[in-house]
Amino acid sequence: MTESATAHDQSPVPASIDASTMRQMYAKMHLIRTFEERAAEQYMRGNIGGFLHLAIGEEAAVVGAVAALRPTDPITSTYREHGQALARGSDPNAVMAELFGRTTGLCNGRGGSMHLMDREHAFYGGYGIVGGSIPLAVGLGFAINYRHEDGVVMVMFGDGATNQGVLSESMNMAKLWHLPVIFFCLNNQYGMGTSITRAASDTELFTRAQAFDMPSRRIDGMDVMAVYSAVNDAAEYARTAHEPSMIEALAYRYRGHSMSDPDNTRPEEEKARWRARDPLITFERVVLGDAIATPEELEQLRAANVTRIDEAVSFAEGSPQVPISALADNVYTHPWNTNPRGGAVMPGADQ
Amino acid sequence: MEHQPARWSGHAGCRSVSTSTPTSVSYREALTQAMREELQRDANVFLMGEDIGLFEGSFKVTRGLLTEFGPTRIVDTPISEAGFVGLGIGAAMSGLRPVIELMTVNFSIVAMDQIVNNAAKVRYMFGGQVSVPMVIRMPGGAGHQLGAQHSHSLEAWFTHIPGLKVVCPSTPYDAKALLKTAIRDDDPVIFLESEGLYAKKGPVGGAEDLIPFGQGIIRREGTHCTIVAVSRMVWIALAAADILANEGISCEVIDPRTTRPLDLGMIATSVRRTNHCVVVDEGWPECGLAANVAAHVYEACFDWLDAPIGRVNAADVPMPYAHDLEQAALPRADDVAQAVRATLARRER
Ligand SMILES: Cc1ncc(C[n+]2csc(CCOP(=O)(O)OP(=O)(O)O)c2C)c(N)n1
Ligand SMILES: [Mg+2]
C-alpha cells in the first residue's frame, strides 16, 4: 500500500495555480511546521496542558486541501487541527493562546488544542471523538442546499475514523440528498498505535465510498500539488453537480500520536522511508525548480515565520488567564449549581 | 489508605490479610493482575479493546498480556466502539466472558445504545434464558485539561440503568478484588476506573481475594458527619477529613465501592450515628450520583438527620480546558470541608 505512494514523483503543478499561490502554500506549510515544533516545546515546558496532537509530516495534505477551497467553504476537523486553523488564516497568536488556555485564545481558553474553532474563517472546529464531526459536515452541507448557496463543505478525518459507523451513515445521507460535501480522509496509516493493516479489512479506504455510489480516489498526501488538484476537482464537482465525493490522502505523521506517545511501535525503517519524502523539502524543490521563488526568498519567508511564531508565544504568555467568575459563560445552568470555587453546594448552605 | 477486606478504620494499622501480596502495587498493576489471573483461571475470559495488545493499552493497564496470552485472547480492535461492545454482548450471550476495554469513559457514549438497549436488557427481556457475563472497563474523570469531550464522570448514567452493575474502585486492593468479582459475575458490569488513580500504590489481595458487590467500607471512622464518596473522590473526602480534624470536627468517610448495588445499610448506620451527611461526586449535580445517594439517605434516615444533606459536585458546566478554570470546576478537599462545616452549622441555628 505504501509503495505506490513512495515510488512516484511529485505530480505536475495544476494549471489553475499561480506562482504567488504556490509561494503562499509553501509559507503556510512552513508556518504550520514551525508552529507545531514550538507548541511541542511549550508543552514540554508545561505551558500547554491536556493532549497535544501534532501534524508534523501532514502539512501538504492540510495546506493543499484548504487552499483549494474558497475561504467561505466550511471545514470541520479532528483534534489534530492546528494546521487547518492556520491554513485557513486564523491568527497564530489566537491559536497559540488557545493552547495556553488564555482569554485571548480562539475559543477563549475553553477549548484547548483539540477544540479550536474559528467561525470567522468558516473553520467549524476540532472535535475529540473519533468520527464525531463527520455528520456535522453533512449538516453544514444540508444547510448550503437548503439556502441554495454554492458553498462546499470539507470534513477532514483520519484513517481510524473510517471504522466508525457514523461515517457510513453520513456518506449515505450525503449521497442520498446530493449534498456538497468532500469527505477528506487523511490516512496517516495509524490510529494511535494501531496500523491500518490491523484495523481495516480493506486498506484502500477510498473504496468505502463505492458502497454509496460516490466517486472517490486515493492521492499522495505528501504532495501538496496533488492534494490541491484533487480537492479542487472535488470542490468543482460539488459546486456544479451538487454531489459528495471522497478523497483519501495517503500521508504519515512524523511524531507519535500525541505528546504522550513515545512512538516506539512503528517500524524505524518505515519512519525513515516516509521522512525521506518530507513534504516541505519536496515542495521546496518544486518551488525552486520552477523558479517560483529564489532560495533567498524562501529563507526570508522562513525567517518571517519563525518571528511570527515567536510573537505568538510571547502573545500567549502575556495574555490573561480566564477569570474563574466566567466559569458558567455560554451554558445554561441553575443559578444554585455553580459557585465560584466550583462544586455545587446545596442552596442555603452558606447562609 | 490501604486495604481491608471487611471493615477497617483509621489510617494506621491497616494490614493485608494472610493471602494478600504484601508488596505495594499501583492501581494500574492491580488491574493487570486481576485480568492475568482470571485469564489463567478461565479459558472463556478474553480481552478486547483499542490498542490494548501491541500498544499495551493507552494507560498501560494491559501491559504484557498480549505476549502472555496471544492475539486470540487479547484482541486489538478498530475504533468501532458500538461494534465491539455489541460483539462482546453477543459473545457473552453464548457463554464467553469478555472483558472489554473502552479507552476512556467518554467513548462509551458512542456505544451507549449497545450498553443500555442490549447488555442491560437481554437477560430480563428474554425471560432469563441468557445472561451477559461481560465487563466493560473504562477510565474516567477529569483534571488533566482534556477539555469538554474527554472529561466525563458518568457514574450516574450507568447507575441509572437496571440490568447493569456499576463498580468504582478507589484503591489498588479494591481495583483488583472487584475486577475479579466483576469478571466472575453473570451480569454486565460497568467497571469505572479513575485516570487520576492509576499510579496510586497500595497492597493487593491474592488470586481468591474477592470483594462482593454491594459491600462498602469505612475508610475513616468519625462521629460528627458522614462523608460518602467513591473512586478518586474518596481521597478528596479523606483530605477534607484531615483538614476538619484540625478544627475538632470528626468525619466518617464511607466508600460504597459499587453504586449499583449500593451499600445503603452501611451509609444509613453511619448517618444515624453522626446525624449529618455530605456526599461527594465528581459528576454533575443534576440527577447525579450525589443526588441519588442523598435521596436514599433522606428516605432511610430522615428522623435522624440534624441538617440537610450537603452535596459537592463538579460545577454544572461542560469541562473547560483552561487549567485554573478546570480546577475550579472540580470538587476539591476545601469544597468538601466547607460543605461539612455548612451542614454542621445548620444544626446550630
Ligand atoms: C470514539 C473514540 N474512540 C477512541 C478515541 C481515542 N482516540 C483518539 S485519537 C485515536 C486515533 C484516531 O486515529 P485516526 O482517525 O487515524 O486519526 P489520527 O490520530 O491518525 O490523525 C483514538 C483511538 C476517541 N477520541 N474517540
Ligand atoms: Mg490516522
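Before any of the text, the structure's been laid out above.
The shown structure was predicted, so the numbers you read here are calculated from the model rather than taken from an experiment.

Novice: Describe the sheet that holds strand β14 (residues 310–312) of chain B, listing the residues and the values that go with them.
Specialist: Residue and element names in this part refer to chain B. Spatial strand order, β9-β11-β10-β13-β14: five strands in an open sheet with mixed pairing. Looking at the sheet topology across the chains shown, the edges are occupied by β9 (217–220) and β14. Here the average twist between neighbouring strands, direction ignored, is 25 degrees. Here strand β10 (residues 225–228) pairs with strand β11 (residues 251–255) via four bridges, running parallel. In the sheet register, T226 faces β11, and the bridge partner there is E252. This element, helix α10 (residues 289–301), spans β10, β13 (277–280) and β14 of the sheet and lies at about 155 degrees to β13.

Novice: Explain the nonpolar core residue by residue, including any values.
Specialist: In terms of nonpolar packing, the biggest core is built from 72 residues, with M96(A), L99(A), M154(A), I182(A), F184(A), V231(A) and F283(A) touching the most fellow members. If we skip the residues at most four places from it in the chain, M154(A) touches A65(A), V66(A), L69(A), P74(A), I75(A), T76(A), I182(A), F184(A) and V231(A). Counting 53 residues, the second largest nonpolar core, distinct from the first, contains V189(B), I211(B), A240(B) and V340(B).

Novice: With reference to specific residues and values, describe the sheet that holds strand β3 (residues 153–158) of chain A.
Specialist: Residues and elements named next belong to chain A. Strand order across the open sheet formed by six strands is β2-β1-β3-β4-β8-β7, with parallel pairing between neighbours. Strands with a single pairing partner mark the edges of an open sheet, and in this sheet they are β2 (123–127) and β7 (216–220). Geometrically, the sheet is characterised by an average inter-axis angle of 20 degrees between neighbouring strands, direction not taken into account. Direction of pairing for strand β1 (residues 75–78) relative to β3: parallel, over a ladder of two bridges. Note that in β3 the partner of I75 across the bridge is M154. Sitting on the sheet, helix α6 (residues 134–146) is in contact with β1, β2, β3 and β4 (181–187), with an inclination near 175 degrees to β3. Contacts from helix α7 (residues 165–176) reach β3, β4 and β8 (245–250) within the one sheet, and its direction differs from that of β4 by about 150 degrees.

Cut-offs and rules
- Residues numbered from 1 in each chain as written.
- Chains lettered and ligands numbered in written order.
- Predicted model: local features only at pLDDT ≥ 70, side-chain atom pairs only at ≥ 80, totals over all residues.
- Heavy atoms only, no water.
- Pairing = 2+ DSSP bridges.
- Helix = DSSP H or I, 4+ residues; strand = E, 2+ residues; numbered from the N terminus.
- Axes fitted to C-alpha atoms, helices over the stretch in contact; angles between N-to-C directions.
- Contact = heavy atoms within 4.5 Å.
- Core = buried A, V, L, I, M, F, W, Y, C linked by side-chain atoms within 4.5 Å.
- Buried < 20%, exposed > 50% of the residue type's maximum accessible area, 1.4 Å probe, protein only.

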